[in-house]
Amino acid sequence: MAKLAMQSPSAANESVAIIVRGHERGALRSDSLRTALVGLLGRGGMGSVWKARNSRGREGAVKLMNATLSGDESFVSRFKAEIDALDRVSHPSVIDILDWGRDRSGAWYFVMPYIEGQSLRSRLAKGIDADEVKAMARALASGLVACHDERVIHRDIKPENIMLKSDGAPVL
């Protein structure tokens, strides 16, 4: 998703808080933990991605399905397939799923770690040297092999969907 300027959740008519349900792998887990959506990071065809902060100050990123799509079983099925696919792959170059569920309006969401960094698109705009490109390509190829080993095919690889951590490591 393209990175957008941060704005308040209420300005975008999105849920201000979601209940993060317990999930065995969730670093943000609790049956009653409230997570505030603090800024819009991007928007795509299925939903939006928000920077979030829980009551303990931990940050994450929440992909929230458009509430209007929650009644469309084909979209819900695709969103759940994305959750399942990401949850099966464990690799440093592939984003992890910390939790998932439905918000108060019935819209599906999943929680990922927040990556403090920039998109590959932003990095390319500043210029990038050949050695850096080779290192990123190796890391991304390794991540894609891990995906393919789990029969997961990433169908939207583009610079906007690749985040670079502060150390330059890429994450799909």
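The following paragraphs examine the structure supplied in this document. (Residues numbered from 1 in each chain as written. Predicted model: local features only at pLDDT ≥ 70, side-chain atom pairs only at ≥ 80, totals over all residues. Heavy atoms only, no water.)

Overview of the pattern of salt bridges
Pairing of side chains with opposite charge becomes possible as their charged atoms draw close. Under the convention used in this document: Here a salt bridge means any side-chain nitrogen of Lys or Arg lying within 4 Å of a carboxyl oxygen belonging to Asp or Glu. Whether a residue is buried, partly exposed or exposed follows from its accessible area with a 1.4 Å probe, protein chains only, as a fraction of its type maximum: under 20%, in between, or over 50%, in that order.
Throughout the structure, instances matching the rule amount to eight salt bridges. Among the salt bridges present, the one from Arg123 reaches Glu132, with a minimum N-O distance of 2.7 Å. As a salt-bridge pair, Asp156 and Lys158 come within 3.7 Å of each other at their nearest N and O atoms. What makes Asp156 partly exposed here is its relative accessible area of 38%.

Overview of helix α3 (residues 130-149)
Applied cut-off: By the criteria applied, helices consist of DSSP H or I runs no shorter than four residues and strands consist of E runs no shorter than two, each listed in order from the N terminus. Working rule for helices: expected span equals 1.5 Å times residues minus one. The arc in question is formed by the directions pointing from the helix axis toward the C-beta atoms. Here a residue-residue contact requires only that any non-hydrogen atoms of the pair lie within 4.5 Å. The definition of a polar contact used here is a pair of N or O atoms within 3.5 Å, where within protein one atom must be able to donate a hydrogen and the other to accept one, and adjacent residues in sequence count solely through side-chain atom pairs.
An ideal rise of 1.5 Å per residue puts 28 Å on 20 residues; α3 measures up with 28 Å between its terminal C-alpha atoms. What α3 keeps buried is the set Met136, Leu140, Gly143, Leu144, Ala146 and Cys147. Seen from one end, α3 has its buried residues packed into an arc of 155°, which puts them on one side. Of the residues in α3, the exposed ones pointing more than 90 degrees away from the buried face are Ala130, Asp131, Arg138 and Asp149. On its buried side, α3 packs onto α2 (120-126), β8 (163-165) and β9 (170-171). Among the residues of α3, the N-terminal cap falls to Asp129, whose side-chain oxygen and the backbone nitrogen of Asp131 are separated by 3.1 Å. Downstream of α3 by a residue or two, Arg151 has a phi angle that is positive, lying close to 60°.

Observations concerning the pairing of strand β3 (residues 47-54)
Quick note on the threshold: DSSP calls a pair of strands paired once it identifies at least 2 bridges connecting them.
In terms of residue burial, β3 counts as a mostly covered element, since seven of its eight residues are buried. Here β3 runs beside strand β4 (residues 59-65); their pairing, made up of seven bridges, is antiparallel. When the bridges of β4 are listed, Arg53 appears paired with Glu59. Hairpin connection of β3 to β4: four residues between the antiparallel strands, including Gly57 at a positive phi of 90°.

Side note on helix α1 (residues 73-88)
Here α1 is 16 residues long and its end C-alpha atoms lie 22 Å apart, about the 22 Å a rise of 1.5 Å per residue gives. Among all positions in α1, only Val76, Phe79, Ile83, Ala85 and Leu86 are buried. Those residues of α1 hidden inside the fold are in contact with β4, β5 (99-102) and β6 (108-113).

So, the pairing of β5
The alternating pattern of β5 places Asp99 and Gly101 on a buried face, while none of Trp100 and Arg102, on the opposite face, is buried. For β5 and β6, the ladder comprises four bridges, and the chain directions are antiparallel. Bridge pairing in β6 links Trp100 to Phe110. In this antiparallel pair of consecutive strands, β5 and β6, the connection spans five residues, and Gly106 shows a positive phi of 95°.

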